[in-house]
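Fold and geometry: a report
Listed below, chain by chain, are the residues.
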Amino acid sequence: MNSASAASHRSGSPKPDAKPIVFVVDDDVSVRESLEGLIGFAGWQPETFASAEEFLEHPRTTTPSCLVLDISLPDLNGLKLQKLIASERTDMPIIFITGHGDVPMTVQAMKGGAVEFLTKPFDDELLLNAIRHAIRRSAAVLDDQAETSALRSSYDSLTPREQDVMKLVVSGMLNKQIGMKLGISEITVKAHRGKVMQKMNADSVADLVKMAVRLGLTPAKNPWHTTRDPE
């Protein structure tokens, strides 16, 4: 595990032994009970809801999860729920189930990011395979979010001057050029640069650039257009 990954696990990413959660939203009680047993037997934690509104009241989780969602729900239907949570629950893939799906409905669901669209009655193993895929995808997204959060914490630990130096380093400036731009000595730049590498857990400038890109930092433009100094 690299330093960033280690930091992400310290910062609260899903524990390896956490039992994945499979949320089920279906207004048919017999379907909910059947899926609850199937999901539990497969080793996951089932959480069932009779409506989209009931599901939305449930607190979010940082455990790998997915949503098995009936498309035909009273009041707020499955497609509307998908659209509602699309931007804020990217870590929770959706598997649609329906008793009377059609092509336009399927296309809309898949365009919205659904991982599977199953028509009742469906084969249990087909659903379980879809859930396995969704859980793996959820775990990957959560790990990525945790790692990004850890990088953000490391960046926030930098002093304002160190942040300035980091932005100029990843833009490709030489230490001398950075010193001229910031009005400090080259020795001071080297000291700040060393602190940046240490606090960001970066092994090289290339690592630092990748971190800057991941954090959404906009590298300052280098007016000299020269190669960076050797490490």
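Residues numbered from 1 in each chain as written. Predicted model: local features only at pLDDT ≥ 70, side-chain atom pairs only at ≥ 80, totals over all residues. Heavy atoms only, no water.

Averaged over every residue, the pLDDT of the chain is 86; the share at 70 or more is 86%. Segment residues 1-12: pLDDT under 50, and 15 contacts once partners within four positions in sequence are set aside and those in other chains are kept. Scored below 50 in pLDDT, residues 224-231 shows 19 contacts in the model against residues more than four places distant or in partner chains. (pLDDT = per-residue confidence, 0-100. Contact = heavy atoms within 4.5 Å.)

A few words now on the sheet that holds strand 3 (residues 65-70). The five strands are arranged 2-1-3-4-5 in an open sheet whose pairing can be described as parallel. Both edges of this open sheet fall to strand 2 (45-49) and strand 5 (116-119), since each of them pairs with a single strand only. For this sheet the average axis-to-axis angle between neighbouring strands, irrespective of direction, equals 20°. Here four bridges tie strand 3 to strand 4 (residues 94-98), and the two strands are oriented parallel to one another. (Pairing = 2+ DSSP bridges. Helix = DSSP H or I, 4+ residues; strand = E, 2+ residues; numbered from the N terminus. Axes fitted to C-alpha atoms, helices over the stretch in contact; angles between N-to-C directions.)

Turning our attention to the pattern of salt bridges. Scanning the entire structure with this criterion turns up eight salt bridges. A salt bridge links Asp144 to Arg214, with the shortest nitrogen-to-oxygen separation between them at 2.5 Å. On the criterion of sequence distance, the pair formed by Asp144 in helix 6 (residues 124-156) and Arg214 in helix 10 (residues 205-214) is long-range, its members being 70 residues apart. The exposure class of Arg214 is partly exposed, given its relative accessible area of 30%. One network of salt bridges, in which partners are shared, links Asp26, Asp70 and Lys120. (Salt bridge = Lys/Arg side-chain N within 4 Å of Asp/Glu carboxyl O. Buried < 20%, exposed > 50% of the residue type's maximum accessible area, 1.4 Å probe, protein only.)

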